[in-house]
Amino acid sequence: VVIQLGAILAVVVMYFHKLNPFSTKKTQKQKMLTIQLWVKVIIGSIPAMLIGLPFNDFIEEKFNNSYVVAATLIIYGILFIVIENYQKDKQPKVEKLSQLTIQTVLIIGVFQALALIPGTSRSGATIVGALLIGVSRGVAAEFTFFLAIPAMFGASFLKLIKFGLNFTGMQVFLLLLGTVVSFAVSILAIKFLMQYIRKHDFKVFGYYRIVLGVIVLLYFGIKTLLA
């Protein structure tokens, strides 16, 4: 979780101007739209917070196993394909971040909360939810990035507190190294994704998840039989 801070920092750096409500390069209207965007991000974060804070340990204890991970990989992979086919010839209802309503961001937030189940990609779940209710791919991806900022900062903070900050020098170094590598790779990944979805849909990610889920299922299934 802490290493994913690197990915979130990449989002902050890449979208700093869009996320900064105090930029002198923005008009008063643009500043207000940026503040509204942050309000929507906070509202969209509420479902995950309400479920994650009291039930995170329970969910990890009961669902953190290879079979659940394999199942969620496959299920969300199928959802990507089905939803893309369903929305194929439909015009998106939301094509700008400013068009996101409170109801819309709450629904997307509920899908983000589903990512508490291991194997459910947070970004995958929120994008699936956004596409399902008619949000364009570009807006779905961008809002997913922004929604990750409070979620991952909060999760990282809680994990650090849970472990009591009792890290050795080597552990601190490894965490920092992982964060830096994650930051660099995320910059490239975000640029690639935003360029990719201008001309392609998300079905390739669906197929990838299905294949990976089947591999995970077979691997641990065979390992259990041979044990």
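Residues numbered from 1 in each chain as written. Predicted model: local features only at pLDDT ≥ 70, side-chain atom pairs only at ≥ 80, totals over all residues. Heavy atoms only, no water.

*Asks:* Residues and numbers for the nonpolar core, please.
*Replies:* Formed by 41 residues in total, the largest nonpolar core has its most connected members in Tyr15, Leu100, Phe143, Phe145 and Phe146. Of all the elements in the fold, those that place two or more residues in this core are helix 1 (5-14), helix 3 (28-63), helix 4 (66-87), helix 5 (102-114), helix 6 (122-132), helix 7 (137-162) and helix 8 (169-196). For this core, the element with the highest residue contribution is helix 7, accounting for 10 residues. With residues near it in sequence (within four places) discarded, leucine 100 still touches Lys40, Val94, Val105, Ile108, Val135, Val139 and Phe143. (Core = buried A, V, L, I, M, F, W, Y, C linked by side-chain atoms within 4.5 Å. Buried < 20%, exposed > 50% of the residue type's maximum accessible area, 1.4 Å probe, protein only. Helix = DSSP H or I, 4+ residues; strand = E, 2+ residues; numbered from the N terminus. Contact = heavy atoms within 4.5 Å.)

*Asks:* An account of the packing of aromatic side chains is requested, with residue identities and associated values reported.
*Replies:* On inspection of all chains with the given rule, the structure shows seven aromatic pairs. Seen from their ring centres, tyrosine 15 and phenylalanine 145 are 6.3 Å apart, and the 40 degrees between their planes marks the pair as tilted. Taken together, the positions of tyrosine 15 in the loop between helix 1 and helix 2 (16-19) and phenylalanine 145 in helix 7 put the pair 130 residues apart, joining distant regions of the chain. When the centroid spacing of 5.9 Å and the interplanar angle of 45 degrees are considered together, the rings of phenylalanine 202 and phenylalanine 205 count as tilted. A residue is classified by how much of its surface remains accessible, and phenylalanine 202, at 2% relative accessible area, is buried. Chaining the aromatic ring pairs together yields one cluster made of Phe80, Phe192, Tyr196, Phe202 and Phe205. (Phe/Tyr/Trp six-rings, centres within 6.5 Å; stacked < 30°, edge-to-face > 60°.)

*Asks:* Help me get a handle on helix 6, residues and values and all.
*Replies:* Helical periodicity: at 3.6 residues per turn, an α-helix aligns residues three or four positions apart in one direction. Of all 11 residues in helix 6, nine are buried; the element is thus mostly enclosed. Within the sequence span of helix 6, burial applies to Arg122, Gly124, Ala125, Thr126, Ile127, Val128, Gly129, Ala130 and Leu131. Positive backbone phi, approximately 90 degrees, marks glycine 134, located one or two places after helix 6.

*Asks:* Tell me about a nonpolar patch on the surface, and please be specific about residues and values.
*Replies:* Taken together, the side chains of Ile46, Met49, Leu50, Ile51, Leu53, Phe55, Phe58, Phe63, Phe157, Leu158 and Ile161 present a nonpolar region at the surface, about 1,100 Å² in accessible area. For the nonpolar patch, the leading source of residues is helix 3, giving eight residues. Checked against the element boundaries, isoleucine 46 lands in helix 3. (Patch = residues over 30% accessible without salt bridge, like charges linked within 9 Å, V, L, I, M, F, W, Y side chains within 5 Å. Areas by Shrake-Rupley, 256 points an atom, 1.4 Å probe, with all protein chains shown as cover. Salt bridge = Lys/Arg side-chain N within 4 Å of Asp/Glu carboxyl O.)

*Asks:* Describe the side chain of threonine 144, listing the residues and the values that go with them.
*Replies:* Among the secondary structure elements, threonine 144 is positioned in helix 7. Residue classification places threonine 144 among the buried positions, given a relative accessible area of 1%. At 2.7 Å, the side chain of threonine 144 forms a polar contact with the backbone oxygen of alanine 140. Here threonine 144 is in contact with Arg122, Ser123, Thr126 and Ile127, once residues within four sequence places are set aside. (Polar contact = N/O pair within 3.5 Å; in protein donor to acceptor, adjacent residues only side chain to side chain.)

*Asks:* Talk me through the confidence of the model for the chain; I want residue IDs and the actual numbers.
*Replies:* Model confidence for the chain is summarised by a mean pLDDT of 91, while 100% of its residues fall at 70 or above. Averaged over each element, pLDDT in the chain is lowest for helix 7 (86) and highest for helix 5 (95). (pLDDT = per-residue confidence, 0-100.)

*Asks:* Tell me about the environment of glutamate 84, and please be specific about residues and values.
*Replies:* In this fold, glutamate 84 is placed in helix 4. Looking at glutamate 84, the relative accessible area reads 5%, which means it is buried. For glutamate 84, the contacting residues outside a window of four places in its chain are Leu131, Arg137, Asp201, Phe202 and Lys203. For glutamate 84, the side chain forms a polar contact with the side chain of arginine 137, separated by 2.9 Å.

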